[in-house]
Amino acid sequence: MEDNFTFNVSISTQSYHGKNTSWNTTTYLKTNLTVSEFITKITKGHCYCYVFNDFDEVFGQSVKTLNNFLYSNIISIDIDDSLIEMKQYVDTLSIKPTFAYTTPSNGVKGFRFRLVYIFKNKLKGVEAYKAAYNALINKLNITLSDNCACSPVQQMGGNDKAELYVSNIVFDDSILNNNDNDESAIKNNIIEKEKKNIIN
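Residues numbered from 1 in each chain as written. Predicted model: local features only at pLDDT ≥ 70, side-chain atom pairs only at ≥ 80, totals over all residues. Heavy atoms only, no water.

Caption draft 1: Broad picture of the overall build of the protein chain. Counting its regular elements, the protein chain contains four helices and 11 strands. Each of the 200 residues in the protein chain was classed as buried or not, and the buried ones make up 50%. Of the accessible surface of the protein chain, which amounts to about 9600 Å², a share of 45% is contributed by carbon and sulfur atoms. (Helix = DSSP H or I, 4+ residues; strand = E, 2+ residues; numbered from the N terminus. Buried < 20%, exposed > 50% of the residue type's maximum accessible area, 1.4 Å probe, protein only. Areas by Shrake-Rupley, 256 points an atom, 1.4 Å probe, with all protein chains shown as cover.)

As structure tokens, then:
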């Protein structure tokens, strides 16, 4: 894995123990991070959202709108009420995420976790993000009970007690294109990869 790969993501200025119950007061700052730094922020209870027209200042909910959305290098997919635990679920996926983590509600009504796919390319604009999100869902051939993450203004909570799956794969967005040989396309378009690690 090339440790110098970085991307922008908006990280909450607050950290939370357990589930965030005060989203309306959560504020964010655009931050440039490596994959490992991003994972550390999440496991310290920080929330995240994507990149908005924020003038490089701390921003709140009024800025986090569709009109202000600029881009994301990330697609997040929420898996709620799964009958199998996260690591088993990831094993069934044709495209493994960059990392996955259990959310604070895990175990309340089945297994709950978030799949996080990081791309070297920026997904610019609302329509491009939604198209990429839907293409990835189709590639994975999964059905979601909660599709809120299709909106680029969705904010995602961290979890200071998360279980983690980490592959450290960063993708080229061409894996989202139709291809008769998906396995070959995935291998050819991974720009960073290291041996799969599972961290408890």
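So that's the structure; there's more coming.
Caption draft 2: Up close: the pairing of strand β1 (residues 7-15). Taken together, the six bridges between β1 and strand β2 (residues 28-33) define a ladder with antiparallel strand orientation. Bridged to F7 within β2 is L33. Pairing of β1 with strand β3 (residues 46-49) involves three bridges; the strand directions are antiparallel. Within β3, the residue paired with S10 across the bridge is C49. (Pairing = 2+ DSSP bridges.)

Caption draft 3: Representation of the pattern of salt bridges in the model. The final tally for this structure, using the stated rule, is four salt bridges. Between K30 and D56 there is a salt bridge whose closest N-O contact spans 2.8 Å. One end of the pair, K30, is in strand β2; the other, D56, is in the loop between β4 (51-52) and β5 (69-82), with 26 residues separating them in the sequence. Among the salt bridges present, the one from K120 reaches D172, with a minimum N-O distance of 3.3 Å. Taken together, the residues K120 in strand β7 (residues 111-124) and D172 in the loop between β9 (170-171) and α4 (182-189) connect sequence positions 52 residues apart. (Salt bridge = Lys/Arg side-chain N within 4 Å of Asp/Glu carboxyl O.)

Caption draft 4: Structural context of the nonpolar core. Ranked by size, the top nonpolar core spans 61 residues in total, and within it F38, Y48, I77, F99, L115, Y117 and I118 carry the most contacts. In terms of residue count, the dominant contributor to this core is helix α3 (residues 126-140) (eight residues). Those residues in contact with Y117, other than ones at most four positions away along the chain, are N73, I74, I75, I77, L93, I95, K96, P97, T98, L136, L140 and F171. (Core = buried A, V, L, I, M, F, W, Y, C linked by side-chain atoms within 4.5 Å. Contact = heavy atoms within 4.5 Å.)

Caption draft 5: Seen up close, the packing of aromatic side chains. Here the structure, examined in full by the defined rule, presents 14 aromatic pairs. Centre to centre, the rings of F38 and Y48 are 5.0 Å apart; their planes meet at 80 degrees, and the pair counts as edge-to-face. On the criterion of sequence distance, the pair formed by F38 in helix α1 (residues 35-43) and Y48 in strand β3 is long-range, its members being 10 residues apart. The exposure class assigned to F38 is buried, which follows from its relative accessible area of 0%. When its relative accessible area of 0% is taken as the criterion, Y48 is described as buried. Grouping aromatic residues by their ring pairs yields a cluster made of Y28, Y50, F52, F59, F69, Y129 and Y133. (Phe/Tyr/Trp six-rings, centres within 6.5 Å; stacked < 30°, edge-to-face > 60°.)

Caption draft 6: Examining α3 more closely. Its 15 residues give α3 an end-to-end C-alpha distance of 21 Å, which sits within 8% of 21 Å, the value for a rise of 1.5 Å per residue. Taken together, the buried positions of α3 are V126, Y129, A132, Y133, A135, L136, I137, K139 and L140. The positive-phi residue at the C-terminal boundary of α3 is N141, with phi of around 55 degrees. (Expected span 1.5 Å × (residues − 1).)

Caption draft 7: The sheet that holds β1, seen in detail. Taken in spatial order, the three strands line up as β2-β1-β3 in an open sheet, and their pairing is antiparallel. Of all strands in the sheet, those bounded by a partner on one side alone are β2 and β3. Strand-to-strand twist of the sheet, defined as the mean angle between neighbouring strand axes without regard to direction, takes the value 45 degrees. (Axes fitted to C-alpha atoms, helices over the stretch in contact; angles between N-to-C directions.)

Caption draft 8: Quick peek at the environment of D54. Structurally, D54 is set in the loop between β4 and β5. On a C-alpha basis, the gap between D54 and F69 in space is 9.3 Å, while along the polypeptide they are 15 residues apart.

Caption draft 9: Examining α1 more closely. Every buried residue of α1 is listed here: V35, F38, I39 and I42. The buried residues of α1 occupy an angular sector of 100 degrees when projected down its axis, which confines them to one face. Looking one or two places after α1, you find G45, whose phi comes out positive at around 90 degrees. (Arc of directions from axis to C-beta.)

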